[in-house]
Amino acid sequence: MTDDVDVPFTNNTAEVAFRLSKVKQKIAGCFRTGKGVEDFCTIRSYASTMQKQGANIFQCFALVFQGKTPQPRFT
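### Observations regarding the overall build of the chain
Here's step 1: A count of helices and strands for the chain gives three helices and zero strands.
Here's step 2: Reading the chain from its N terminus to its C terminus gives the helix and strand order α-α-α.
Here's step 3: Relative to a compact globule of 75 residues, whose C-alpha radius of gyration would be 11 Å, the chain shows 15 Å and is clearly more extended.
Here's step 4: On the principal axes, the C-alpha backbone points of the chain span a range of 45 × 35 × 20 Å.
Here's step 5: Here the chain holds 75 residues, and the buried ones make up 12% of them.
Here's step 6: Summed over its atoms, the accessible surface of the chain is roughly 6500 Å², and 60% of this surface lies on carbon and sulfur atoms.
Here's step 7: Between the mean site of the 10 positive side-chain charges and the mean site of the 6 negative ones, the chain shows a separation of 14 Å.

Given below as structure tokens:
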């Protein structure tokens with residue numbers, strides 16, 4: 001039903017995940033190196049996964065920098 005508020009406006013999670021990298025590329029003009037692209041995608045993927053699992057992203061990254069990286073659940 002089109003008026004069900006529990007149904008997300010879009011279910012295209014791949015598009016949503018990809019959008020941030022395109023916005024960053026557009027603002028910066030380009031990614032400078034292949035390593036920079038890999039690092040950006042790794043960080044963004046981790047943050048997105050943890051957020052979807054209900055974790056506090058700030059706490060997760062604080063723990064990452066302390067060497068105690070919280071791992072996502074794979075269920």
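### Observations concerning the environment of Thr-33
Here's step 1: Tracing the backbone shows Thr-33 in the loop between α1 (13–28) and α2 (34–52).
Here's step 2: With relative accessibility at 43%, the residue Thr-33 sits in the partly exposed group.
Here's step 3: Within the structure, the side chain of Thr-33 is placed 2.9 Å from the backbone nitrogen of Gly-36, a separation counted as a polar contact.

### A word on the environment of Met-50
Here's step 1: By the secondary structure assignment, Met-50 is in helix α2.
Here's step 2: Note: C-alpha distance between Met-50 and Ala-28 (22 residues apart in sequence) is 26 Å.
Here's step 3: Ignoring anything within four residues of it in the chain, the contact list for Met-50 reads Ala-55, Ile-57, Cys-60, Pro-70, Gln-71 and Pro-72.

### Section: the layout of surface pockets
Here's step 1: Estimates place the volume of the largest pocket at around 160 Å³.
Here's step 2: As for the largest pocket, its lining consists of Ala-17, Phe-18, Ser-21, Phe-40, Cys-41, Arg-44, Ser-45, Ser-48 and Lys-52.
Here's step 3: When contributions to the lining of the largest pocket are tallied by element, the ones reaching two or more residues are α1 and α2.
Here's step 4: Broken down by element, the lining of the largest pocket gets its largest block of residues, six residues, from α2.
Here's step 5: Of the residues assigned to the lining of the largest pocket, the class counts are four nonpolar, three polar and two charged.

### A few points about the packing of α2 against helix α3 (residues 57–65)
Here's step 1: Packing of α2 against α3 brings their axes to within 10 Å, and their N-to-C directions diverge by 130°. The angle between the axes of α2 and α3 places the two elements in the oblique class. Relative to α3, α2 is oriented so that their crossing is right-handed. Contact residues: Ile-43, Tyr-46, Ala-47, Met-50 and Gln-51 in α2; Ile-57, Cys-60, Phe-61 and Val-64 in α3.

Quick notes on the rules
Residues numbered from 1 in each chain as written. Predicted model: local features only at pLDDT ≥ 70, side-chain atom pairs only at ≥ 80, totals over all residues. Heavy atoms only, no water. Helix = DSSP H or I, 4+ residues; strand = E, 2+ residues; numbered from the N terminus. Rg over C-alpha atoms; globule rule 2.2 N^0.38 Å. Buried < 20%, exposed > 50% of the residue type's maximum accessible area, 1.4 Å probe, protein only. Areas by Shrake-Rupley, 256 points an atom, 1.4 Å probe, with all protein chains shown as cover. Lys, Arg positive; Asp, Glu negative; His and termini not counted. Charge placed at Lys NZ, Arg CZ, Asp CG, Glu CD. Polar contact = N/O pair within 3.5 Å; in protein donor to acceptor, adjacent residues only side chain to side chain. Contact = heavy atoms within 4.5 Å. 1 Å grid on protein atoms, 1.4 Å probe; cavity = no way out; pocket = protein on both sides within 12 Å on 5 of 7 lines; lining within 4 Å. Points joined across faces, edges and corners; volume = space filled by probe spheres on them. Nonpolar A, V, L, I, M, F, W, Y, C, P; charged D, E, K, R; others polar. Axes fitted to C-alpha atoms, helices over the stretch in contact; angles between N-to-C directions. Parallel < 35°, antiparallel > 145°, perpendicular 65-115°, else oblique. Left-handed = near helix turned anticlockwise from the far one by under 90°.

Treat this as a map of the structure, not an account of what it does.
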